[in-house]
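Architecture at a glance
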Amino acid sequence: MSSSPAVERGILFVVSAPSGTGKTTVVDRLVERTPRLRRSRSYTSRPIRAGEVDGVDYNFVSRSAFEAMVREDAFLEWADVFGHLYGTARQDTDTALASGADLVLVIDVQGARQVRERVAEAAAIFVLPPSYATLEARLRGRNRDPAAAIERRLATARAEILAIDEYDYVVVNDELERCVDELQAIMIAERARRPRRRAAIETIVATFDAERRK
Ligand code: 5GP
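Everything in this summary refers to the structure shown in the same document. (Residues numbered from 1 in each chain as written. Predicted model: local features only at pLDDT ≥ 70, side-chain atom pairs only at ≥ 80, totals over all residues. Heavy atoms only, no water.)

1. Here's the deal with the pattern of salt bridges
- Counting across every chain of the model gives 24 salt bridges.
- The partner of Arg63 in a salt bridge is Glu67, and the shortest N-O contact between them spans 3.5 Å. Taken together, the residues Arg63 and Glu67, both in helix H2 (residues 63-71) and 4 residues apart, mark about one turn of the helix.
- Since its relative accessible area comes to 37%, Arg63 is described here as partly exposed.
- Assessed through its relative accessible area of 33%, Glu67 is described here as partly exposed.
- With a closest N to O distance of 2.9 Å, Arg196 and Glu190 form a salt bridge.
- Sharing partners across several salt bridges, the network here consists of Arg29, Glu32, Arg33, Glu177 and Asp181. (Salt bridge = Lys/Arg side-chain N within 4 Å of Asp/Glu carboxyl O. Helix = DSSP H or I, 4+ residues; strand = E, 2+ residues; numbered from the N terminus. Buried < 20%, exposed > 50% of the residue type's maximum accessible area, 1.4 Å probe, protein only.)

2. Points about the sheet that holds strand E9 (residues 169-172)
- Within the open sheet, the 5 strands sit side by side as E2-E7-E1-E8-E9. Their pairing is parallel. Single-partner strands in this sheet number two, and they are strand E2 (37-39) and E9. Each adjacent strand pair in this sheet contributes to an overall mean axis angle of 25 degrees, direction not counted.
- As paired elements, E2 and strand E7 (residues 102-106) share 3 bridges and run parallel to each other. (Pairing = 2+ DSSP bridges. Axes fitted to C-alpha atoms, helices over the stretch in contact; angles between N-to-C directions.)

3. Comments concerning the packing of aromatic side chains
- Taken as a whole and judged by the stated rule, the model has 6 aromatic pairs.
- Centroid distance Phe126 to Tyr167: 5.1 Å. Interplanar angle 80 degrees. Geometry classified as edge-to-face. With a gap of 41 residues between them, Phe126 in strand E8 (residues 123-128) and Tyr167 in the loop between helix H6 (147-161) and E9 connect regions that are remote in the sequence.
- Relative accessible area serves as the criterion here: at 0%, Phe126 is assigned to the buried category. (Phe/Tyr/Trp six-rings, centres within 6.5 Å; stacked < 30°, edge-to-face > 60°.)

4. Comments concerning the site of the ligand
- Neighbouring the ligand are 16 residues; Ser42, Arg46, Tyr58, Tyr86 and Asp108 lie closest to it.
- In this structure, Ser42 approaches the ligand through a side-chain N or O atom, which is 2.6 Å from an oxygen atom.
- Within the side chain of Arg49, one N or O atom sits 3.2 Å away from an oxygen atom of the ligand.
- Coverage of the ligand by the protein amounts to 93% of the 520 Å² it exposes when considered alone.
- Going through the elements one at a time, strand E5 (75-81) and strand E6 (84-89) are the ones with two or more residues in the shell around the ligand.
- Class assignment of the residues belonging to the shell around the ligand gives a composition of 6 nonpolar, 4 polar and 6 charged. (Near = heavy atom within 4 Å. Polar contact = N/O pair within 3.5 Å; in protein donor to acceptor, adjacent residues only side chain to side chain. Areas by Shrake-Rupley, 256 points an atom, 1.4 Å probe, with all protein chains shown as cover. Nonpolar A, V, L, I, M, F, W, Y, C, P; charged D, E, K, R; others polar.)

5. Quick notes on the pairing of E8
- Of all 6 residues in E8, 6 are buried; the element is thus mostly enclosed.
- The two faces of E8 match: Ala123, Ile125 and Val127 on one face and Ala124, Phe126 and Leu128 on the other face are all buried.
- Bridging between strand E1 (residues 12-16) and E8 involves 4 bridges; their strand directions are parallel. From the neighbouring strand, Ser16 faces E8, where its bridge partner is Phe126.
- With 4 bridges connecting them, E8 and E9 associate as parallel partners. Across the sheet, Ile125 pairs through a bridge with Tyr169, a residue of E9.

6. Concerning the sheet that holds strand E3 (residues 43-44)
- Spatially, E4-E3-E6-E5 is the arrangement adopted by the 4 strands of the open sheet, whose pairing is mixed. A strand with exactly one partner marks an edge of an open sheet, and here the two such strands are strand E4 (59-60) and E5.
- Pairing of E5 with E6 involves 6 bridges; the strand directions are antiparallel. By the bridge assignment, Ala79 is partnered in E6 with Tyr86.
- Here helix H3 (residues 90-98) sits on the sheet in contact with E3, E5 and E6, set at roughly 35 degrees to E6. (Contact = heavy atoms within 4.5 Å.)

Encoded structure:
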C-alpha cells in the first residue's frame, strides 16, 4: 500500500464563458461561498481598465515581459484573446494545488483546450448565457466597449459556443445564485470522485479489515 501524501492535492477547475456572460461575478460569488476554493490570477498584456487593481484582477505586464515568460515556458496555458495575451503561470497553479486548495481558472476556450491536454483530471465547465439576445443586451448595456469591440466580442462568442462539446459540465447563468449553486454542486461532486477519496477509503477500509481479523 502506497503511503498517502500529507495533503491531498487540490482539484483544477476550468471555467469558460463568452464575454458578457457574467462569469466574473459568478466565479467571485462561488469563491466567496466555497471553502478551500481559490481563483487563479492570470497574467495579461492588456492595459489596465479603470477600477482594476494590478495583482488583484490580473498581473498586468508588458507584452515583452509576457513573451519572455512564454519563452521560459512559465505558462501552463496562454492565448491571444481580442489582441492581448493572457496566461496562467505554472508556478502559481502548482503552489495552490500542492497546498491542497482547489483552483478555478477563468480562461478562454483556447486556454481550456491546453489545460485539458496537460492536466487530464481537470474539470472543465462552460457557462452559457440564457440566449444570444441576452448576451448582446448585456454587452451593449454595460457601456464599456466601443461598438466595434462589441461586434468582435459577439463574433468570438458565436465561435466559442462551438467548443462546448469539449467541456465536462454546462451551466446556464440565468440567475446568479442558482448558477452559483450549480457550480458548487459540480465542485462537491468532483471532490467525491473515487480517486480523490483514496486516503479516506484506505483509512475506513482498514477499520473493516481489523474487524474481519478479530
Ligand atoms: P477581459 O480582458 O475581459 O478581462 O478578459 C477577456 C478574456 O480573456 C475572457 O474570455 C477571459 O476568460 C480570458 N482570459 C482571462 N485570463 C485568461 C488566461 O489566463 N488565459 C486564457 N487563455 N484566457 C484568459
